[in-house]
There are 2 protein chains.
Amino acid sequence: MSAANVKVLCFDVFGTVTDWYSSVTQEGQKISEKTGISVPWGEFVKKWRIEGYQKVLGEISSGKMDIIPTETIHRNMLEILLDEYSVTGLSNSEIDNFNRVWNRLGVWDDVAEGLKKLKENYSILPFSNGDFRCLLDLSRHNQLPWDGIISADFFKKVKPDPTIYHDAANLLQLPPEEIMMVACHARDLQGAKNAGFKTAYVNRPLEYGPGARPEEKTVPFDYEVDDFIELAEVLRTST
Amino acid sequence: MSAANVKVLCFDVFGTVTDWYSSVTQEGQKISEKTGISVPWGEFVKKWRIEGYQKVLGEISSGKMDIIPTETIHRNMLEILLDEYSVTGLSNSEIDNFNRVWNRLGVWDDVAEGLKKLKENYSILPFSNGDFRCLLDLSRHNQLPWDGIISADFFKKVKPDPTIYHDAANLLQLPPEEIMMVACHARDLQGAKNAGFKTAYVNRPLEYGPGARPEEKTVPFDYEVDDFIELAEVLRTST
């Protein structure tokens, strides 16, 4: 009965809603087909995500740097990686277009049906470190039925900053226990739980591609599910 | 051809999307039926809007007071008006429920079809002085297909503060000329125009109820239409 009062579900986006590994790898392969340059795209993409985006977010989160647009974070790392993997001959607009793959990522198979079911009983919103523009693009690209968007750039900080969950609750004008964070990342859920949110962990074993080690969960969350359709069912039967 | 580059349509909500006069008047009449207390609800509702909400927004806009939740603004004035019109005998939860009529206003007849058509070619977002919570409630109540929400409380200021339009453009990461403000209020559009937005004026002669004087437009805007369906058609044929 722990979710009986929940009014709003907030979703992590990169990994939880979107399958960034497949989407970006596929776009990389198109570049290889066009240029004839062979690249281990799975490795490239994971570096782009982990050493590019997540490392910069860590610096923003720890106060070492100010927040900058998501597209700029991606673009800065892309130039480093194209150089490292000797991908040459792309025009500036081709690089821009590749960079913006992060604004047109595909979603996991269960997302469309799952969100539709969840929306019947809850307000559903992304709550992501991706900025407003990136989330708006992803939403339109995938026709996601969000009721609104909560992006970290509203607050000039990023998850899992311990205060950002309170900022989101204040924006929603709800007590934290009426909000559930839905994510495939334990650190994000831990931050939400510390702020008093309900939590739902979604298993996304393929987030980092086939064969990657699933994330280790160190603490229990209110729910653990394999996809959004199961989440809708579990919430329906447990509240 | 002036809207050829427009990517995003931002909508004023109270008056432009929602028919607040009818919705609030009807709820008032229900109170009269229940309590037997006769009230000139049209007058009551206009005072609530003009002397309550709009006057407080003016004080926020001019820096005389900090921004407060939309629901609080409405509630403060409601207590004054209930006293002024001698509406007694309501419980606290009945007063709360009446106050929250502003979170469940109905929309004009053209809105559902018009927004659906406009969404085919543009990102559509409310850009309102109503706060995030109020806009989220209105959106769910009317199943509005917004791509996101831009509310004044993101920026701790209100329209037509000359800087708030730039804040919205920055959030969208778009040059102002790629954004169109859609509103039935000349002051709002004038602020948007000054910031470089495209502008569409929507005639809503019944905003303040039957027989009210339509707003005087002092400057020309890019488009003038009678409803959102006409706006979709005009944009389709002119760009």
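The following refers to the structure shown. (Residues numbered from 1 in each chain as written. Chains lettered and ligands numbered in written order. Predicted model: local features only at pLDDT ≥ 70, side-chain atom pairs only at ≥ 80, totals over all residues. Heavy atoms only, no water.)

With respect to the sheet that holds strand 2 (residues 123-128) of chain A
Residues and elements named next belong to chain A.
Item 1. In spatial order, the strands read 3-2-1-4-5-6; together these six strands make up an open sheet with parallel pairing. Since the sheet does not close on itself, it has two edges, and those belong to strand 3 (150-151) and strand 6 (223-225), each with one partner.
Item 2. Two elements, strand 4 (residues 179-183) and strand 5 (residues 198-202), share four bridges in a ladder whose sense is parallel. Bridged to M181 within strand 5 is T199.
Item 3. Strand contacts of helix 7 (residues 164-172): strand 1 (8-11), strand 2, strand 3 and strand 4, with the helix running at about 145° to strand 2, the strand carrying the most contacts. (Pairing = 2+ DSSP bridges. Helix = DSSP H or I, 4+ residues; strand = E, 2+ residues; numbered from the N terminus. Contact = heavy atoms within 4.5 Å. Axes fitted to C-alpha atoms, helices over the stretch in contact; angles between N-to-C directions.)

A short note on the side chain of D110 of chain A
Residue and element names in this part refer to chain A.
Item 1. Mapping D110 onto the fold places it in the loop between helix 4 (92-99) and helix 5 (111-121).
Item 2. Within the structure, the side chain of D110 is placed 2.9 Å from the side chain of R204, a separation counted as a polar contact.
Item 3. Among residues more than four places away in sequence, those in contact with D110 are R204, D227, F228 and I229. (Polar contact = N/O pair within 3.5 Å; in protein donor to acceptor, adjacent residues only side chain to side chain.)

Describing helix 1 (residues 20-35) of chain A
All names here are of chain A.
Item 1. Between its first and last C-alpha atoms helix 1 spans 23 Å; for 16 residues at 1.5 Å apiece the expected length is 22 Å, and the two agree.
Item 2. Residues of helix 1 that are buried include every one of W20, Y21, S23, V24, T25, E27, G28, I31 and S32, and no others.
Item 3. In this structure, the buried side of helix 1 is in contact with helix 2 (41-61) and helix 4.
Item 4. One or two residues past the end of helix 1 sits G36, with phi positive at roughly 80°. (Expected span 1.5 Å × (residues − 1). Buried < 20%, exposed > 50% of the residue type's maximum accessible area, 1.4 Å probe, protein only.)

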